[in-house]
Protein chains: 2
Amino acid sequence: MPKWVKEIGPESDIAISSRIRMARNIESMPFPNDLNEAQSKNILEMVHHTITNANSSFKKEFELIEMNRQDKIERLNYIEKHLISPALAQNTTGGAALINKEETISIMVNEEDHIRIQCLLPGLQLTECLDLGNKIDDLLEESIRYSFDENLGYLTSCPTNVGTGVRASVMLHLPALSLTGYINGVFNVASKIGLAVRGIYGEGSQYTGNIYQISNQITLGPPEEELVSTLHDVTMQIIQNERAVREHLLASKNIELSDRVFRAYGILKSARLLTSTEAMQLISDLRLGVNLNLIQDVSIEKINELMVTIQPGYLQKYFNSDLSGIERDIKRAQLVRETL
Amino acid sequence: MPKWVKEIGPESDIAISSRIRMARNIESMPFPNDLNEAQSKNILEMVHHTITNANSSFKKEFELIEMNRQDKIERLNYIEKHLISPALAQNTTGGAALINKEETISIMVNEEDHIRIQCLLPGLQLTECLDLGNKIDDLLEESIRYSFDENLGYLTSCPTNVGTGVRASVMLHLPALSLTGYINGVFNVASKIGLAVRGIYGEGSQYTGNIYQISNQITLGPPEEELVSTLHDVTMQIIQNERAVREHLLASKNIELSDRVFRAYGILKSARLLTSTEAMQLISDLRLGVNLNLIQDVSIEKINELMVTIQPGYLQKYFNSDLSGIERDIKRAQLVRETL
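Residues numbered from 1 in each chain as written. Chains lettered and ligands numbered in written order. Predicted model: local features only at pLDDT ≥ 70, side-chain atom pairs only at ≥ 80, totals over all residues. Heavy atoms only, no water.

Student: Can you walk me through the sheet that holds strand 4 (residues 105-109) of chain A in this structure?
Tutor: Residues and elements named next belong to chain A. With respect to topology, 8 strands assemble into an open sheet ordered 2-3-4-5-1-8-10-9, the strand pairing being antiparallel. Every other strand in the sheet has two partners, leaving strand 2 (62-66) and strand 9 (195-198) as the edge strands with one partner each. The mean angle between the axes of side-by-side strands here comes to 20°, regardless of whether they run parallel or antiparallel. Pairing analysis gives 8 bridges linking strand 1 (residues 15-24) to strand 5 (residues 115-122), with the strands arranged antiparallel. Residue Ser18 lies in a different strand from strand 5, and its bridge partner there is Leu121. (Pairing = 2+ DSSP bridges. Helix = DSSP H or I, 4+ residues; strand = E, 2+ residues; numbered from the N terminus. Axes fitted to C-alpha atoms, helices over the stretch in contact; angles between N-to-C directions.)

Student: Before we go on, may I ask you to explain the interface of chain A and chain B in this structure?
Tutor: Where the parts come together, the accessible area they lose is often given as the size of the interface. At the junction of the two partners, chain A supplies 16 residues and chain B supplies 16 residues. Taken together, both faces of the contact between chain A and chain B bury some 1400 Å²; the carbon and sulfur share is 65%. Counting across the chain A and chain B interface gives 2 salt bridges. Seen at the junction of chain A and chain B, the total is 10 residue pairs in polar contact (both at pLDDT 80 or more). Contributing elements (two or more residues each) for the side of chain A that touches chain B: helix 9 (254-270) and helix 13 (325-339) of chain A. Tallying contributions element by element places helix 9 of chain A first for the side of chain A that touches chain B, with 9 residues. (Contact = heavy atoms within 4.5 Å. Buried area = accessible area lost by both parts, 1.4 Å probe. Salt bridge = Lys/Arg side-chain N within 4 Å of Asp/Glu carboxyl O. Polar contact = N/O pair within 3.5 Å; in protein donor to acceptor, adjacent residues only side chain to side chain.)

Student: For this particular structure, what's the right way to read the packing of helix 9 of chain A against helix 9 (residues 254-270) of chain B?
Tutor: Between two packed helices, what matters for the description is the angle formed by their axes and the separation of those axes. Contact geometry for helix 9 of chain A and helix 9 of chain B: axes closest at 8 Å, N-to-C directions at 145°. Remark: the crossing between helix 9 of chain A and helix 9 of chain B carries right-handed chirality. Within the contact between the two elements, helix 9 of chain A uses Phe262, Arg263, Gly266, Ile267 and Ser270 of chain A and helix 9 of chain B uses Phe262, Arg263, Gly266, Ile267 and Ser270 of chain B. Class assignment of the residues belonging to the contact of helix 9 of chain A with helix 9 of chain B gives a composition of 4 nonpolar, 4 polar and 2 charged. (Left-handed = near helix turned anticlockwise from the far one by under 90°. Nonpolar A, V, L, I, M, F, W, Y, C, P; charged D, E, K, R; others polar.)

Student: For this particular structure, what's the right way to read the relation of the copies chain A and chain B?
Tutor: One copy of the chain maps onto the second through a rotation around an axis plus a translation along that axis. The transform that puts chain A on chain B rotates by 180° and translates by 0.0 Å along the axis, for an RMSD of 0.0 Å. Each copy turns onto its partner about a two-fold axis. Closest to the rotation axis within chain A is the C-alpha of Gly266 of chain A, separated from it by 2.3 Å. When the interface residues of chain A are mapped onto chain B, 100% of them are again interface residues, pointing to one common binding face. (Least-squares fit on C-alpha atoms with pLDDT ≥ 70 in both.)

Student: Even after reading the chapter, I still don't get the domain arrangement of chain A, so can you show me in this structure?
Tutor: All names here are of chain A. Taken as a whole, chain A is organised into domain 1 (21-161) and domain 2 (251-339). A straight line from the C-alpha centre of domain 1 to that of domain 2 covers 32 Å. Counting from both sides, the interface comprises 7 residues of domain 1 and, opposite them, 9 residues of domain 2. Approximately 640 Å² of surface area, both sides summed, lies buried where domain 1 meets domain 2, with 65% of it carried by carbon and sulfur atoms. When the area that domain 1 buries against domain 2 is broken down by residue, the three leading residues are Ile73, Asn77 and Glu80, summing to 72%. At the boundary of domain 1 and domain 2, one finds 0 salt bridges. In this structure, the connection of domain 1 to domain 2 is made through 2 residue pairs in polar contact (both at pLDDT 80 or more). Per-class residue counts for the side of domain 1 that touches domain 2 are 2 nonpolar, 1 polar and 4 charged. (Domains from an automatic or database assignment.)

Next comes the structure, spelled out in structure tokens:
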């Protein structure tokens, strides 16, 4: 399990994980859309060679995951652990990722850009993610020449990433703001200051389990440190709002809230059929109960684990078979019961 | 707790209890509607004296419960245990019941008729109830002269009871017939052969928790033994239908059924708020799970107990206070958790 699942970080009552992603491309190479297989391979070899021969302690920690050597279920599982993007999983000709042991760093190769460095840490740790990303970025730059324009910055396959090439995001659990509808205020403010709010699996995904991914939209203009610190500050404000609404609910609707979280816990421990949507909703209620100290015998780490293990890819990997929808619902319920 | 709660009887996977009620009136006394207080007292004394002085082992077992000496909550609790009728509970001038220790016999005095002998046993035991009722009837007749017409039979306050004065009923748990909608067939057949189907608290009450009370409507005509044996036979047919549908569901929808009964069990063990309607529905699912051997650590006796203890009267008696609706929902959930 990745570090963001196994460990908790700062503000972990609300912030599940922080992520930095840097888009980089190699000079005088066509963007991935126009690459032939040989060129793709060449790029992967360059990146792989640079990492494994780097003069850094990092080098021993990385494992090469080539998409064409992973079956559908394994690729899905990497997506569910947030280690690769759905786009990379689909590129089975040249797509690959170099992932470190802790699963905090994933260098995706031949995704939308040649290189996408992704750093992922538990809790609210955007600056730490950026520092980690910069280290990898420097390491790669020792032997790779990036496509870079003095006026524009890093050049990328999609123009929206041109500039710093940096996207920062935080994954937040906001059940109280969701329950009360105040979440719409968060959406409004975020869009006004150029932040996007998305579901747990990025663009177009649902807000399952009251989990929201908040990320910067602007890469051209402010330097990456400013961008990261803006997102950090806005996130801290959202976290404080969520905490205030939780306290208010705890004071004014204590019994209804207890009923909700204990029922969720009871159903998770006893259901024989669970869809992933229902499971995520119940896990959200359980997480809230744990964070409000109403439920004391479940850890946040265990809840993070559940969030990943109930997903179709993990389930099929764990039970070692290609499962139909109803079979997954049965196995999901079984796994949840065993975990709790 | 009454015997029908504490013990199980024949066909107890479906039949919760059996009941016989005999309506009797005393010769040359006006019907209860037209009685003055002195006459009511006089009747109660006659009945009480007859029982306590009877040449029978019964006599030591009876306790006199006068409605004017019971508070609202205690009267409600007797109704919930099915020991008195709502009509008797309202008669706080002359209403009373003589109830035996086992709570299988309740002789209601000054209800709609002067005397209503009620016998209540666990499971399907209509004949046993009738035998018990006849014993009490004979005992009373030793010193009381009933209003009796050679052509019509026993005369009663309401003409629908004239004749044998006997109402027989069974309380059945029919979750499978309800779930599948086949219960409508039971309604049709029952009405064609002069049986009434009602909810757990008699006329006008809802079919809460998939519990149905089936009773004879005809008291004028066939002798009481025939009436009881007809009801017994029809009940056995309904029981066989319910069992067949349960087996069918178990075979064809095993996982959905397991999911339903285990969720019910999980919610009952964890909820912090339970309305009586929801509790009855969940208890119904739990009972089905126990009877199908899906759930093994709960007894039917415990489920019967829950059916009574979650009722408003019992709850208020147990927690020794007059509770509001929401307070009852909280205490009900607490009591259910403690019981399970």
